[in-house]
Amino acid sequence: MNPPQRFRQGLAATVAALLGIAITLAAGAWQLDRADEKARRQEQLEALRREPPVSVPASAVAEGDLLYRRVRVGGSFAPEHTVYLDNRLRRGVPGFEIVTPLRIGDTERFVAVNRGWIAGAPRRDTLPEVRTPAGPVTVEGTVVPAQRVYQLEHAGPDGKVWLSFSVDRLRKESRLDLQPLLIQQESALDDGLERVWERPDSGRDKHLAYAFQWFAMAFAILVIYVVLGFRRAATAHGPT
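Residue numbers restart at each chain and count upward from 1, following the sequence in its written direction. In view of the model being predicted, local features appear only for residues whose pLDDT reaches at least 70, and side-chain atom pairs are presented and counted only at 80 or more, with totals across whole chains, interfaces and linings using the full set of residues. No hydrogens and no water enter the side-chain calculation; it runs on all heavy atoms of the structure.

K.L.:
Give a detailed account of the overall build of the chain, specifying residues and quantitative values.
P.N.:
A run of H or I in DSSP becomes a helix once it reaches four residues, and a run of E becomes a strand once it reaches two; helices and strands are each numbered from the N terminus. Within the chain, the secondary structure is distributed over four helices and eight strands. Listed by position from the N terminus, the elements making up the chain come as α-β-α-β-β-β-β-β-β-α-β-α. Summary of the burial criterion: residues with accessible area below 20% of their type's maximum are buried, those above 50% are exposed, and those between are partly exposed, where the area comes from a 1.4 Å probe applied to protein chains only. The buried share among the 240 residues of the chain stands at 39%. Of the contacts made within the chain by residues no fewer than 6 positions apart, 67% connect residues no fewer than 24 positions apart. Two residues form a contact once any of their heavy atoms are found within 4.5 Å.

K.L.:
Quick rundown of unusual backbone geometry? Include the residues and the values.
P.N.:
Even without glycine at this site, Tyr-68 takes up a positive phi of about 70 degrees. Summarising the element assignment, Tyr-68 is placed in the loop between helix 2 (63-66) and strand 2 (70-77). Backbone geometry at Asn-87 places phi at a positive 60 degrees, although glycine is not the residue there. Given the relative accessible area of 55%, Asn-87 is considered exposed.

K.L.:
Talk me through the pattern of salt bridges; I want residue IDs and the actual numbers.
P.N.:
In what follows, salt bridge is the name for a side-chain nitrogen of Lys or Arg lying within 4 Å of a carboxyl oxygen of Asp or Glu. One pass over the full model with this rule turns up 15 salt bridges. A salt bridge links Asp-168 to Arg-171; the shortest N-O distance between them is 2.9 Å. Here the residue Asp-168 and the residue Arg-171 both occupy positions in helix 3 (residues 167-174), the gap between them amounting to three residues, near one helical turn. Asp-168 sits in the partly exposed class, given a relative accessible area of 47%.

K.L.:
Outline a nonpolar patch on the surface, supporting the account with residue identities and numerical values.
P.N.:
Put simply, a patch holds well-exposed residues, over 30% relative accessible area, that have no salt bridge, with like charges counted together within 9 Å and Val, Leu, Ile, Met, Phe, Trp or Tyr side chains within 5 Å. Surface accessibility in these figures is a Shrake-Rupley result with a 1.4 Å probe; residues are shielded only by whichever protein chains are displayed. Nonpolar side chains collect at one region of the surface, where Phe-7, Phe-219, Leu-222, Val-223, Val-226, Val-227 and Phe-230 lie side by side and expose about 560 Å² of accessible area between them. Considering the arrangement of structural elements, one finds Phe-7 in the segment before helix 1 (11-50).

K.L.:
Any chance you could break down the packing of aromatic side chains for me, citing the residues and the numbers?
P.N.:
Aromatic pairing here means that ring centres of Phe, Tyr or Trp (its six-membered ring) are within 6.5 Å. Orientation follows from the plane angle: under 30 degrees is stacked, over 60 is edge-to-face, and everything else is tilted. Under the criterion given, the structure shown has two aromatic pairs. Relative to Phe-96, the ring of Tyr-84 lies with its centre 5.6 Å away and its plane at 90 degrees, an arrangement referred to as edge-to-face. Of this pair, Tyr-84 sits in strand 3 (residues 83-90) while Phe-96 sits in strand 4 (residues 93-104), and the two are twelve residues apart along the sequence. Grouping residues by exposure puts Tyr-84 and Phe-96 together as buried. For a Lys NZ or an Arg CZ to count as sitting over a ring, it must be within 6 Å of the ring centre and within 35 degrees of the ring normal. Over the aromatic face of Phe-77 sits the side chain of Arg-115, whose NZ or CZ is 4.8 Å from the ring centroid.

K.L.:
Summarise the environment of Gly-159; cite the residues concerned and give the values.
P.N.:
Along the chain, the position of Gly-159 falls in the loop between strand 6 (137-144) and strand 7 (161-162). Judged by relative accessible area, which is 10%, Gly-159 ranks as buried. Spatially, the C-alpha atoms of Gly-159 and Tyr-84 are 9.3 Å apart, while their sequence positions differ by 75 residues.

K.L.:
Run through the pairing of strand 6, naming residues and quoting values.
P.N.:
With six of its eight residues buried, strand 6 lies for the most part within the structure. Only strands that DSSP links by at least two bridges are regarded as paired with each other. One ladder, built from six bridges, connects strand 2 with strand 6; its direction is antiparallel. Looking at strand 6, one finds that Gly-75 is bridged to Val-137. As judged from the four bridges shared by strand 6 and strand 8 (residues 177-185), these two strands associate in the antiparallel manner. Residue pairing for strand 8: Thr-142 is matched across the bridge by Gln-184.

Given below as structure tokens:
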């Protein structure tokens, strides 16, 4: 009759396993806390989107004042300063998002508007034609974060194609007095652009996925520790 298999592990392995499990559990718990925080943030974002749009003033504002708020602004586009944001895929089709400054009313202040998406032309050295209303328009949309990446080099014809958007860069190159905002247009205009946007995401699901990975790692450490302990015990006793 075989004796019952015993568990055997050294002090160093036990300390290392306990430390690893403690660290990974703590990391998983932190990610869950972040997920709860982001869930509350998502509720705030959805609440902001349900509120009626507010007017974008000609007076100076900070991006944080209107971030994720639905807004309305009237004025006229400045198509000569239109920017094509490259590498925007939709349904597997490469294309561009079109950003054009909009003059606020009759003032000298402008605001950047991401007007929508258009498929790219067959040739990379040719930009698709974008129709821009010539007269006054009213734009409604949501203020979204404007990326802070600044490219040192132009891409595409006449430097109109950018890989990412920066209000600071548009301000410098156009010499327009721009609000520090980027409006993601949702209202309809006869310009042939597609305006189907993903809703603002607080990132909750990402933190839940990270938490799962950390907890899975803690479980893996425990399983490895136990399995190696029984194997070590069996090796120490030898065959019977």
